[in-house]
Amino acid sequence: MLFVEPVFIFVFLPLVMLAERISRNTGVTTRSTLLVTSGILFYAAWSWKYLCVLLIAIVCNFGMSKLIHHDVVKGNVNQAKLLLCVAVMGNLSLLAIFKYLDFFLISFGFNSTLNLILPLAISFYTFQQVAYIVDVYRQEIKPPTLMKYCSFILFFPQLIAGPIVNFKDVSRDLSQFEKSRNLVRYDLAIPYILIGLGKKLLIADPLGVFLAQQQLVMSIGETTPLLSILTILAYGLQLYFDFSAYGDLALGLGFALGIRLPINFDSPYKSVNIAEFWRKWHITLGRFLRDYLYIPLGGSRGSLKRTLLNLITVMLLGGLWHGAAWGYVLWGALHGFALTLYQLYKHFIHNLIHKHIKFTNKPLWLTQTSNGLSNVLTVSFVFLAWVPFYTEGVSDALMIWSSIFSYDGNVIVNANALYELYGIEIGEVLLNITLGFTLVFFTPTSHELVSYSVRQWKSMEGSFFYSVLRHPLMLAIYTPIVMIAGKSLIVGPVAAFLYFQF
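Throughout what follows, the structure given in this document is the object of discussion.

Cut-offs used in this document
- Residues numbered from 1 in each chain as written.
- Predicted model: local features only at pLDDT ≥ 70, side-chain atom pairs only at ≥ 80, totals over all residues.
- Heavy atoms only, no water.
- Helix = DSSP H or I, 4+ residues; strand = E, 2+ residues; numbered from the N terminus.
- Rg over C-alpha atoms; globule rule 2.2 N^0.38 Å.
- Buried < 20%, exposed > 50% of the residue type's maximum accessible area, 1.4 Å probe, protein only.
- Contact = heavy atoms within 4.5 Å.
- Core = buried A, V, L, I, M, F, W, Y, C linked by side-chain atoms within 4.5 Å.
- Patch = residues over 30% accessible without salt bridge, like charges linked within 9 Å, V, L, I, M, F, W, Y side chains within 5 Å.
- Areas by Shrake-Rupley, 256 points an atom, 1.4 Å probe, with all protein chains shown as cover.
- Salt bridge = Lys/Arg side-chain N within 4 Å of Asp/Glu carboxyl O.
- Phe/Tyr/Trp six-rings, centres within 6.5 Å; stacked < 30°, edge-to-face > 60°.
- Axes fitted to C-alpha atoms, helices over the stretch in contact; angles between N-to-C directions.
- Parallel < 35°, antiparallel > 145°, perpendicular 65-115°, else oblique.
- Left-handed = near helix turned anticlockwise from the far one by under 90°.
- Nonpolar A, V, L, I, M, F, W, Y, C, P; charged D, E, K, R; others polar.
- Polar contact = N/O pair within 3.5 Å; in protein donor to acceptor, adjacent residues only side chain to side chain.
- Expected span 1.5 Å × (residues − 1).
- Bend = angle between axes of the 7 residues up to and from the residue.

## Re the overall build of the chain
Piece 1. Helix and strand counts for the chain stand at 22 helices and 0 strands.
Piece 2. Expected size for 502 residues packed as a compact globule is a radius of gyration near 23 Å; at 25 Å, the chain falls within 12% of this value.
Piece 3. Along the first, second and third principal axes, the C-alpha atoms of the chain reach 70 × 65 × 65 Å.
Piece 4. Counting the 502 residues in the chain, one finds 50% classified as buried.
Piece 5. For the chain, contacts bridging at least 24 residues in sequence account for 77% of all contacts bridging at least 6.

Next comes the structure, spelled out in structure tokens:
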């Protein structure tokens, strides 16, 4: 079930919201059951069979967390550490079997594979439960009740494609929900949901239509320089708008139930260096890699050589987490290499410059020019590095990269050739790409837009217009408006989110 499907918007979500209102002040068990049941039904709409895998993983991790907590409190550190290793390896083994076993069998020359279907959201809920187990071991959290833990993992707004939520992020809000004290924020929920729907249906999906045409061309081993350039630009924008749309929808749905989820994107394409990009792109994944992999490996506490090795290791594993293909590994390697170069630049060149050249009252134009050039360089690298992420294979990535550097002739000639050879018209594609870049670089973020809408709404409090908008009878107007808008947006099949089966 997708957030943008009519069955979710007009059936599932209204029923969950109605149940939330009816179940208020009915007891902790009833309230927890609501969250657990809604999550189970949401996941089961994809597969009842793989729901069993998820539920078994939840029960096993909960049981292990109780044992680990007991040993840590009793001072049995070695026993707790052993259980921690077993729990982490159990989670990673489950992920490896379903996601990577066939990949490694093929890579090592085996002719037969298991052809296992990848369980929905296994990459996300595996990392989420690993983080929970480690936090219990570190005594940063205490194991909750089984129902509360199930509510945490099965909370449907974040179940499929993140954000990767730590238990401490939502523990308080889950407790408030159980006690019917959750603060429902429709003033935040509605704009986040509308922005998310707009990003997905009006920007990401139209770009996806063009990319589907490009994949057909690439499947026969062909491309053109113009097609390759448009592909790189379109995919970089599609991935951002599609994934950040899911993040906005998850935030909005969380606020509608009174549970605040962490922000996952914060204008990453406005970054002036690769390190800043990773602080703003898929923020919760970056946090997980930092707290549960990079820092345990030693982080930046050792020598420069060790720090750079840690960076490359983390990014290689981060690339592999995204998918069982060498293209993802190459993508991770490219980002690891870029972060390594940036660290070397900071350590040597940047410090050397600032040591010998004292900047006093640096002109504003110089700062703006420097930041602008740095942003262009960073975004150019990021978009080029998306190529193996998009193709999943190294050979196709090399074909696209080599193609863009063999550009010859003008745009009109190349556009005509593209249409004559493959029937692809680039007018709408260029319009969508232009719109995407305009929104990325020259408009406020989703979070800034939502904050603005909340301020405007609060400024109207007490006015006649405010009273009219809040009157229950206005539902007779809002309902058909929402249904007509939804019908006009959702015409035909809805494209799955790009991270739908991660």
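Still more ground to cover, so stick around.
## Some points on the nonpolar core
Piece 1. With 150 residues, the main nonpolar core has Phe8, Tyr269 and Trp386 as its most contacted residues.
Piece 2. Counting residues per element, this core draws most heavily on helix H11 (residues 225-256), at 18 residues.
Piece 3. Excluding residues that lie within four positions of it along the chain, Trp386 makes contacts with Tyr235, Gly236, Leu239, Tyr269, Phe277, Trp281 and Trp331.

## Regarding the side chain of Asp291
Piece 1. Relative to the helices and strands, Asp291 resides in helix H13 (residues 283-294).
Piece 2. Residue Asp291 is classed as buried on the basis of its relative accessible area of 18%.
Piece 3. The contacts of Asp291, once residues within four sequence positions are left out, are Arg138 and Pro296.

## A closer look at a nonpolar patch on the surface
Piece 1. On the surface, Val7, Phe10, Val11, Leu15, Leu18 and Ile22 cluster together to form a nonpolar patch covering roughly 540 Å² of accessible area.
Piece 2. Inspection of the secondary structure puts Leu15 in helix H1 (residues 6-22).

## Comments concerning the environment of Leu373
Piece 1. Relative to the helices and strands, Leu373 is located in helix H16 (residues 364-391).
Piece 2. Separated by 101 residues in the primary sequence, Leu373 and Val272 have C-alpha atoms spaced 8.1 Å apart.

## A few points about the pattern of salt bridges
Piece 1. Using the criterion set out here, one finds 11 salt bridges in the structure.
Piece 2. The salt bridge partner of Asp248 is Lys199, with a shortest N-O separation of 2.8 Å. Of this pair, Asp248 sits in helix H11 while Lys199 sits in helix H10 (residues 186-219), and the two are 49 residues apart along the sequence. Of the two residues, Asp248 and Lys199, neither departs from the other in class, the shared state being buried.
Piece 3. Two residues, Arg290 and Asp291, come together in a salt bridge whose shortest N-O distance is 2.7 Å.
Piece 4. With relative accessibility at 43%, the residue Arg290 sits in the partly exposed group.
Piece 5. Bridged by salt links that share partners, the residues Glu20, Arg24 and Arg31 form one connected network.

## As for the packing of aromatic side chains
Piece 1. The full count for this structure, using the stated rule, is 49 aromatic pairs.
Piece 2. Centroid distance Tyr43 to Trp46: 6.0 Å. Interplanar angle 75°. Geometry classified as edge-to-face.
Piece 3. Owing to a relative accessible area of 0%, Tyr43 belongs among the buried residues under this scheme.
Piece 4. According to the relative accessible area criterion, Trp46 is partly exposed, its value standing at 24%.
Piece 5. On the numbers, 6.0 Å between centres and 50° between planes, the contact of Tyr149 with Phe152 is tilted. One end of the pair, Tyr149, and the other, Phe152, are both in helix H7 (residues 146-154), 3 residues apart, so they sit about a helical turn from each other.

## Notes on the packing of H10 against H11
Piece 1. Direction vectors running N to C along H10 and H11 enclose 155°, while the axes themselves pass 7 Å from each other. With respect to H11, the axis of H10 lies roughly antiparallel. Handedness of the H10/H11 crossing: left-handed.
Piece 2. In the contact of H10 with H11, the residues fall into 26 nonpolar, 7 polar and 5 charged.

## Here's the deal with the environment of Lys280
Piece 1. With respect to the helices and strands, Lys280 occurs in helix H12 (residues 274-280).
Piece 2. Once residues within four sequence positions are removed from consideration, Lys280 is found in contact with Asn264, Phe265, Asp266, Ser267, Pro268 and Ser271.
Piece 3. Separated by 2.8 Å, the side chains of Lys280 and Glu276 make a polar contact.

## Some thoughts on H10
Piece 1. The end-to-end C-alpha separation of H10 is 46 Å, in line with the 50 Å expected for 34 residues at 1.5 Å each.
Piece 2. By the largest-angle criterion, Ala204 marks the main kink of H10, which is about 35°, and a proline, Pro206, follows within four residues.

## Comments concerning the side chain of Gln128
Piece 1. Structurally, Gln128 can be placed in helix H6 (residues 122-137).
Piece 2. The contacts of Gln128, once residues within four sequence positions are left out, are Phe152, Ile153, Gln158, Pro163, Ile164 and Val165.

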